[in-house]
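# What the coordinates show
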Amino acid sequence: MFRRKFKATFWERLKTFLRTFYNFRLYCRYIFFKLSRSGDSDHRIACGLASGIAISLTPFVGFHFVLSMIIAKIFRGSPIAAAIGTAFGNPITFPFIWVTIYKTGLYMMPSFSEGSTHLQLWEFFTEMKHCILALDAQRFVDSIYPVFFPMLIGSIPYYIIFFFGSYFLIIGLLREYRQAKSDLKGKEKLKQNAKKAKK
């Protein structure tokens with residue numbers, strides 16, 4: 001009922017992807033500048049965003065908001081920034097993230113790779129949702145655990161790398177932005193003083 005009449009061409013898909021990516025980039029810039037103008041310290045903003053970005057690399061889909069806020073609180077980051085940071089995990093990035101952490105998990109745990117099959121992402125997460133809602137522990141162990149556990153293990157190195165990498169990158173950008181803003185205000189003040197002196 002809701003399917004396209006004609007299959008989208010490669011160029012149409014590429015155009016949609018680039019438009020979505022461009023809009024997402026603009027959104028990120030807008031959020032960054034809004035947060036930088038808030039009363040929070042550089043550490044709180046950077047730690048919050050890093051918590052949200054890093055948690056998006058874990059298979060805890062549906063719990064990213066809550067977990068990012070808890071982690072941000074532990075490290076004295078901003079929970080609001082943490083919630084915003086989870087936007088790093090979105091329909092564009094999720095397939096790449098899930099496949100990467102799954103394959104990394106299999107590499108780290110060869111015993112799981114013996115019985116592994118082709119990963120059907122959407123079917124897997126739909127099945128996991130049904131298991132959680134039905135509280136079916138046996139079904140979870142039989143069909144979810146063999147995929148979920150490698151994904152969890154595989155996400156750990158990426159979580160650590162992205163948390164610290166994004167933290168230091170964001171805090172550096174914040175300091176540069178605030179320094180540039182302070183320098184601009186200083187120049188404007190000097191100009192105003194020069195105009196007053198002329199009068």
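Each remark here, short or long, concerns the structure printed above.
Residues numbered from 1 in each chain as written. Predicted model: local features only at pLDDT ≥ 70, side-chain atom pairs only at ≥ 80, totals over all residues. Heavy atoms only, no water.

With that settled, the discussion passes to the packing of aromatic side chains. For the structure shown, the criterion picks out seven aromatic pairs. Seen in terms of ring centroids, Phe 60 and Phe 148 are 5.7 Å apart; in terms of plane orientation they differ by 70°. Their pairing is edge-to-face. Of this pair, Phe 60 sits in the loop between helix 2 (42-55) and helix 3 (64-74) while Phe 148 sits in helix 8 (residues 137-198), and the two are 88 residues apart along the sequence. Taking 5.4 Å as the distance between ring centres and 80° as the angle between the ring planes, the aromatic pair formed by Phe 163 and Phe 164 counts as edge-to-face. An aromatic cluster is present here, built from Phe 75, Tyr 159, Phe 163 and Phe 164 joined pairwise through their rings. (Phe/Tyr/Trp six-rings, centres within 6.5 Å; stacked < 30°, edge-to-face > 60°. Helix = DSSP H or I, 4+ residues; strand = E, 2+ residues; numbered from the N terminus.)

Here we take up the side chain of Thr 86. Its location among the elements puts Thr 86 in the loop between helix 4 (79-85) and helix 5 (94-108). Beyond its immediate chain neighbours, meaning those up to four positions away, Thr 86 contacts Gly 52, Ile 53, Ile 55, Ser 56, His 64, Phe 65 and Ser 68. (Contact = heavy atoms within 4.5 Å.)

Before going further, it helps to examine the environment of Ile 53. Mapped onto the secondary structure, Ile 53 falls in helix 2. When neighbours within four sequence positions are excluded, Ile 53 is seen to be in contact with Gly 85, Thr 86, Phe 88, Phe 162, Ser 166 and Ile 170.

Attention now goes to a nonpolar patch on the surface. A surface patch of nonpolar side chains, amounting to about 590 Å² of accessible area, comprises Phe 65, Val 66, Met 69, Ile 70, Ile 74 and Phe 75. By secondary structure assignment, the location of Ile 74 is in helix 3. (Patch = residues over 30% accessible without salt bridge, like charges linked within 9 Å, V, L, I, M, F, W, Y side chains within 5 Å. Areas by Shrake-Rupley, 256 points an atom, 1.4 Å probe, with all protein chains shown as cover. Salt bridge = Lys/Arg side-chain N within 4 Å of Asp/Glu carboxyl O.)

Moving on, we get to the pattern of salt bridges. Inspection of every chain in the model, using the stated rule, returns one salt bridge. Arg 175 serves as the salt-bridge partner of Asp 42, at 3.9 Å between the closest nitrogen and oxygen. Here the residue Asp 42 occupies a position in helix 2, and Arg 175 occupies one in helix 8, the gap between them amounting to 133 residues.

Regarding helix 3, the residues found buried are His 64, Ser 68, Ile 71 and Ala 72. All buried residues of helix 3 fall inside an arc of 100° around its axis, so they share one side. Across from the buried face of helix 3, at angles greater than 90 degrees, the exposed residues are Lys 73 and Ile 74. (Buried < 20%, exposed > 50% of the residue type's maximum accessible area, 1.4 Å probe, protein only. Arc of directions from axis to C-beta.)

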